[in-house]
Amino acid sequence: MMWCEGLEVFEGFGRCYVLDFCCVFWRYRVSFVVKAKMIFPPDFLWGTAMSAHQVEGNNKNNDWWTWEQDNGRFPPHQQSGLACNWWQNAEADLDRAAEMGVNAHRISIEWSRVEPEPSVFDQEALARYRQILLAMHERGIEPMVALHHFTNPMWLVEKGDFGSEIVVDYFQRYTAKVVAELGDLVPKWLTFNEPMVYFFLRYLSDDFPAPAQRGLRPGFMAVNNMLRCHAAAYHTIKASRPDAQVGVAKNMPVFQGAPGSGQLSKWWAKRVDWLFNESWLESMETGKVKRPFGSGVIKNLAGSYDFIGINYYTRFYVKFPPGKEFISRDWGEDAVVSDGDYGEVYPSGLYQAIKRVIKYNKPIYITENGVPDQADSLRPSFLLTHLREVWRAISFCFPVMGYYHWSLVDNFEWDRGWTQRFGLIEMNPETQERMMRDSGRLYQEICQDYAVSSDMVARYAPSLLPELFPGDMPKIVTK
Ligand code: IFM
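Residues numbered from 1 in each chain as written. Predicted model: local features only at pLDDT ≥ 70, side-chain atom pairs only at ≥ 80, totals over all residues. Heavy atoms only, no water.

(A) Expanded view of the overall build of the chain. Counting its secondary structure elements, the chain contains 15 helices and 19 strands. Scaling as 2.2 N^0.38, a compact globule of 479 residues should have a C-alpha radius of gyration of about 23 Å, and the chain matches this with 23 Å. For the chain, buried positions account for 57% of its 479 residues. For the chain, long-range pairs separated by at least 24 residues make up 72% of all intrachain contacts whose partners lie at least 6 apart in sequence. (Helix = DSSP H or I, 4+ residues; strand = E, 2+ residues; numbered from the N terminus. Rg over C-alpha atoms; globule rule 2.2 N^0.38 Å. Buried < 20%, exposed > 50% of the residue type's maximum accessible area, 1.4 Å probe, protein only. Contact = heavy atoms within 4.5 Å.)

Quick look at the structure:
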């Protein structure tokens with residue numbers, strides 16, 4: 001018996017596979033086992049993502065907790081409760097992440113924990129965040145930290161939070177404290193997670209805890225104030241930690257006119273797309289805000305970002321005039337739709353999102369991407385097809401530097417409670433038991449190999465082989 005191995009770079013239609021040959025001679029039998037790989041760069045960040053309220057447990061001081069208790073729409077077993085018990089034991093999940101081969105992880109700081117009352121900072125809470133961040137470093141996991149991920153301290157809500165310009169000073173003060181205490185451990189910051197999702201869900205729907213006033217006008221003003229907060233936080237971080245990289249996690253769905261709905265819907269989809277996907281980035285780049293979010297220049301906003309974070313999940317269809325349901329759920333017969341009608345699986349939308357932000361000439365991180373899929377029947381192929389889009393972008397030299405899968409472990413999914421499960425690791429919120437899903441095992445192989453191989457596809461989602469490694473692949477020959 002004899003083994004020989006070789007590497008060959010194989011190019012075709014803008015793809016660049018690395019073929020890994022392994023020939024086995026055994027008497028008169030010769031077989032060529034050919035593995036093709038989509039290889040990722042050696043410094044690529046393979047991450048997972050989570051947020052404070054969704055995993056920490058007992059975040060009793062914020063507007064979400066209050067809303068969960070009061071609203072009546074959350075039965076107790078659907079409330080955040082102990083969540084994933086991260087406040088007590090983040091380390092156990094970080095062990096699992098490290099074992100998976102993840103080298104980056106996204107968390108958020110819960111403002112209501114570190115500043116439970118205005119200008120009263122809780123040193124113990126800050127010390128716990130320090131422990132968690134150190135635990136990441138000890139496991140070779142680079143932290144990315146968001147300062148705001150949907151929740152607000154109750155005292156801030158009572159003062160009108162983003163509806164009032166005073167929030168900018170509060171946000172700056174909070175940022176300065178967090179950076180002074182934790183900045184040495186955090187190379188990458190996000191000021192906000194999904195500001196436009198926040199605007200839509202908090203101001204235009206009743207899916208999020210109510211602000212002082214719902215509606216378009218208060219919502220536009222809140223976005224304007226969030227941009228001000230962002231600029232203030234950016235410069236506060238940079239003043240104290242010039243080397244830190246600061247960005248925003250921007251949710252970027254594809255918007256299209258619903259099939260068969262005509263020209264007006266196409267026009268409307270473009271308007272919604274600008275409003276949702278483009279306006280925030282444009283403002284961060286130019287420093288200018290356009291109607292309906294205000295007009296004029298925001299001080300220190302121009303150029304206030306070092307990278308762009310893309311959160312990508314799905315494509316949305318819209319119709320004009322918009323009905324009660326802003327997003328049309330007429331997916332079409334062939335669409336693959338995830339649990340609870342969350343959205344259609346539409347991988348090429350991730351490539352489109354990456355492509356459209358190239359013009360900003362900044363590094364790009366996929367700061368979230370995932371699918372609610374309790375049974376794990378979609379997630380392995382979701383992972384493979386979406387990573388193919390990331391790899392495709394990288395092969396065109398687009399600067400995609402990392403990918404953070406949402407999420408490491410099943411966690412509290414906001415207005416959907418525990419009905420939607422995004423974890424690579426399954427978790428039972430009642431018993432806190434965890435179990436690695438198949439998709440977790442697949443991600444582990446990918447992270448450890450820095451590649452998606454034909455062999456992985458053959459084992460985890462064989463029906464995707466012709467699509468991901470199409471006919472121009474050498475055949476497996478056996479005599
Ligand atoms: O769980 C959320 C996260 O908080 C923000 N982005 C989308 C995820 C899945 O819905």
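We are not done yet, so read on.
(B) Representation of the pairing of strand S5 (residues 104-108) within the structure. Counting buried positions along S5 yields five of five residues, so the element is predominantly enclosed. Neither face of S5 is exposed, since Ala104, Arg106 and Ser108 on one face and His105 and Ile107 on the opposite face are all buried. Bridging between S5 and strand S6 (residues 142-148) involves five bridges; their strand directions are parallel. In the strand pairing of S6, Ile107 is matched with Val145. (Pairing = 2+ DSSP bridges.)

(C) Structural context of the site of the ligand. Taken together, Gln54, His149, Phe150, Asn193, Glu194, Tyr313, Tyr342, Glu368, Trp406, Glu413, Trp414 and Phe422 make up all the residues around the ligand. Take Glu194: an N or O atom from its side chain is 2.8 Å from a nitrogen atom of the ligand. At 2.5 Å from a nitrogen atom of the ligand is found a side-chain nitrogen or oxygen belonging to Glu368. In the complex, the protein chains occlude 95% of the 280 Å² of accessible area that the ligand would expose alone. (Near = heavy atom within 4 Å. Polar contact = N/O pair within 3.5 Å; in protein donor to acceptor, adjacent residues only side chain to side chain. Areas by Shrake-Rupley, 256 points an atom, 1.4 Å probe, with all protein chains shown as cover.)

(D) Structural detail: helix H2 (residues 63-70). Along H2, the positions that sit buried rather than exposed are Asp63, Trp64, Trp65, Trp67 and Glu68. Of the surrounding secondary structure, the elements contacted by the buried residues of H2 are helix H1 (52-55), helix H6 (154-158) and helix H8 (195-203). Residue Asn62 occupies the N-cap position of H2, its side-chain oxygen lying 3.0 Å from the main-chain nitrogen of Trp64. After H2 finishes, the residue Gly72 shows a positive phi value of roughly 80 degrees.

(E) How the structure looks around the sheet that holds strand S15 (residues 400-405). Spatial strand order, S4-S5-S6-S7-S8-S12-S14-S15: eight strands in a closed barrel with parallel pairing. Across the sheet, the mean angle from the axis of one strand to that of its neighbour is 25 degrees, orientation sign disregarded. Relative to strand S14 (residues 364-369), strand S12 (residues 307-312) is paired through five bridges, and the arrangement is parallel. Looking at S14, one finds that Ile310 is bridged to Ile366. (Axes fitted to C-alpha atoms, helices over the stretch in contact; angles between N-to-C directions.)

(F) Seen up close, the packing of helix H5 (residues 123-138) against helix H7 (residues 167-182). The contact between H5 and H7 brings their axes to 10 Å, and the two run at 50 degrees. In terms of axis orientation, H5 runs oblique to H7. Considering only the axes of H5 and H7, their crossing is right-handed. When H5 is examined against H7, the residues Gln123, Leu126, Tyr129, Arg130 and Leu133 are found in contact with a partner set consisting of Lys177, Glu181 and Leu182. Along the lines of polarity and charge, the residues of the contact of H5 with H7 split into four nonpolar, one polar and three charged. (Parallel < 35°, antiparallel > 145°, perpendicular 65-115°, else oblique. Left-handed = near helix turned anticlockwise from the far one by under 90°. Nonpolar A, V, L, I, M, F, W, Y, C, P; charged D, E, K, R; others polar.)

(G) Representation of the environment of Ala302. Turning to its location among the elements, Ala302 is positioned in the loop between strand S11 (296-297) and S12. Between the alpha carbons of Ala302 and Ala232 there is a distance of 12 Å; along the sequence they are 70 residues apart. Among all residues touching Ala302, those that are not within four sequence positions of it are Met284, Glu285, Thr286 and Gly287.

(H) Main features of the pattern of salt bridges. Under the criterion given, the structure shown has 30 salt bridges. Residue Arg392 is joined to Glu389 by a salt bridge in which the shortest nitrogen-to-oxygen separation is 2.8 Å. With Arg392 and Glu389 both in helix H12 (residues 379-395) and three residues apart, the pair spans about one turn of that helix. Its relative accessible area of 29% is what places Arg392 among the partly exposed residues. Between Arg437 and Asp410 there is a salt bridge, and its shortest N-O distance comes to 2.8 Å. Highlighted residues: Arg437 in the loop between strand S17 (434-436) and helix H13 (438-449) and Asp410 in the loop between S15 and strand S16 (425-427), separated in sequence by 27 residues. Residue Arg437 is classed as buried on the basis of its relative accessible area of 3%. Assessed through its relative accessible area of 0%, Asp410 is described here as buried. Shared partners join several salt bridges into a network, and the residues in it are Asp273, Glu278, Arg356 and Lys359. (Salt bridge = Lys/Arg side-chain N within 4 Å of Asp/Glu carboxyl O.)

(I) Main features of the environment of Asp43. Checked against the element boundaries, Asp43 lands in the loop between strand S3 (29-39) and strand S4 (45-49). Its relative accessible area of 56% is what places Asp43 among the exposed residues. For the pair Asp43 and Asn103, spaced 60 residues apart in the sequence, the C-alpha separation amounts to 10.0 Å.

(J) Focus on the side chain of Ser407. Structurally, Ser407 is set in the loop between S15 and S16. A residue is classified by how much of its surface remains accessible, and Ser407, at 0% relative accessible area, is buried. In this structure Ser407 touches Ala49, Met50, Phe422, Gly423 and Leu424, once residues within four positions along its chain are discounted.

(K) Spatial organisation of a nonpolar patch on the surface. A cluster of nonpolar side chains, Leu264, Trp267 and Phe320, forms an exposed patch at the surface whose accessible area comes to about 310 Å². Mapped onto the elements of the fold, Leu264 is located in helix H10 (residues 263-286). (Patch = residues over 30% accessible without salt bridge, like charges linked within 9 Å, V, L, I, M, F, W, Y side chains within 5 Å.)

(L) Inspection of unusual backbone geometry at higher detail. The step from Arg291 to Pro292 runs through a cis peptide bond, and the omega angle for that step is 10 degrees. Looking at the secondary structure, you find Pro292 in the loop between strand S10 (288-289) and S11. For Ser119, which is not glycine, the phi torsion reads 60 degrees and is therefore positive. Looking at the element boundaries, Ser119 is found in the loop between helix H4 (111-114) and H5. Residue Ser119 is classed as partly exposed on the basis of its relative accessible area, which comes to 43%.

All quantities given are derived from atomic positions and should not be read as evidence of function.
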